[in-house]
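# Inside the fold
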Amino acid sequence: MAKIEMADVFATGRRGGGGSLYAYRVRGRGRSAVVLWIGGRGDEPDQVFAVPEAGRWQVPVFVTARQARVYVRRRGRKLATSEADTLELSRVQHWLEDPVRRKIPPGAVLEAWNFLEDLARGLDAVHLPQQGTVQNSAYEKLFEGECATWTPDEQRAVLELIKAGMELWNSCPVIVSPCSGIVLEAEPAARAL
């Protein structure tokens, strides 16, 4: 594994970020892990922290927030908080199994949407559908807690985006023990970490 100077990546971000670092626990049916999340400064977007390895971006993942804290500290930075917020993707996955008959969990879908966009941004991935007027309208309704008023086009757009994002999360390459250089390729039915 090539040595990477992470202090520079943390300090400036790949695209001029450099915002605060957070440990973020993501729990899903196929993959669960603690990731690092970088809050964007000013108008810059947030992103999930990823590192370049073997010609592509990979996400360092941890079992505990403490491991993430140690990883960051060894690179000359600190997490903004010692605790890790938790995203329950399993609630969204449950809804995705039968979105017509199951009630939409608006808070969980909103958090998942934001996380999945940040993940795609961190990986420089183009796996998520292009956002347009329909997605923006659906997002606004979701944000306002009015997802029951989604049009059929809006619901299709949300389902398409969330499904693509879940596939990205379950299949993106991760570095399980970032200090040891172990890289795992996810299988289609991604393994839990």
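Just above sits the structure.
Description of the structure in this document. (Residues numbered from 1 in each chain as written. Predicted model: local features only at pLDDT ≥ 70, side-chain atom pairs only at ≥ 80, totals over all residues. Heavy atoms only, no water.)

## Let's talk about the overall build of the protein
Put simply, the rule is: In this description a helix means any DSSP run of H or I spanning at least four residues, a strand means any run of E spanning at least two, and both kinds are numbered starting from the N terminus. Relative accessibility thresholds used throughout: buried, under 20% of the residue-type maximum; exposed, over 50%; partly exposed, between the two (1.4 Å probe, protein chains only). Two residues form a contact once any of their heavy atoms are found within 4.5 Å.
When its secondary structure is counted, the protein shows 6 helices and 8 strands. Helices and strands appear in the protein in the N-to-C order α-β-β-β-β-β-α-β-α-α-α-α-β-β. Counting every position in the protein, which comprises 193 residues, the buried fraction comes to 47%. For the protein, long-range pairs separated by at least 24 residues make up 65% of all intrachain contacts whose partners lie at least 6 apart in sequence.

## Points about the pattern of salt bridges
For side chains bearing opposite charge, pairing can occur when the charged atoms are close. So the rule is basically this: By salt bridge we mean one thing: a side-chain nitrogen of Lys or Arg within 4 Å of a carboxyl oxygen of Asp or Glu.
Enumeration according to the criterion identifies 7 salt bridges in this entry. Between D118 and R121 there is a salt bridge; the shortest N-O distance is 2.7 Å. Here R121 and D118 lie together in helix α4 (residues 106–122), a separation of 3 residues that amounts to about one turn. Classification of D118 by relative accessible area gives buried; the value is 9%. When its relative accessible area of 24% is taken as the criterion, R121 is described as partly exposed. Across the salt bridge formed by E154 and K141, the nearest N and O atoms sit 2.8 Å from each other. With E154 in helix α6 (residues 152–171) and K141 in helix α5 (residues 133–143), the pair connects residues that are 13 residues apart, well separated along the chain.

## Section: the packing of aromatic side chains
Given two aromatic rings, one states the distance between the centres and the angle between the planes to describe the pair. Inclusion rule: Ring geometry is summarised as follows: Phe, Tyr and Trp rings, the Trp one being its six-membered ring, pair when their centres sit within 6.5 Å, and such pairs are stacked at plane angles under 30 degrees, edge-to-face over 60 and tilted between the two.
Taken as a whole and assessed by the stated rule, the structure comprises 6 aromatic pairs. Considering the side-chain rings of F62 and Y71, the 5.2 Å spacing of their centres and the 55° angle between planes classify their relative orientation as tilted. On the basis of relative accessibility, which here comes to 6%, the residue F62 falls in the buried class. Centroid distance Y139 to F143: 6.5 Å. Interplanar angle 15°. Geometry classified as stacked. With Y139 and F143 both in helix α5 and 4 residues apart, the pair spans about one turn of that helix. Residue classification places F143 among the exposed residues on the basis of a relative accessible area of 52%. Ring-pair connections join several aromatic residues into one group, and the members of that group are Y24, F115 and W169.

## Quick notes on the pairing of strand β5 (residues 56–60)
Taken residue by residue, a regular strand's side chains alternate between the two faces of the sheet. Rules: Paired strands, in this sense, are two strands between which DSSP finds at least two bridges.
With 3 bridges connecting them, strand β4 (residues 51–53) and β5 associate as antiparallel partners. In the strand pairing of β5, P52 is matched with W57. In this antiparallel pair of consecutive strands, β4 and β5, the connection spans 2 residues, and A54 shows a positive phi of 50°.

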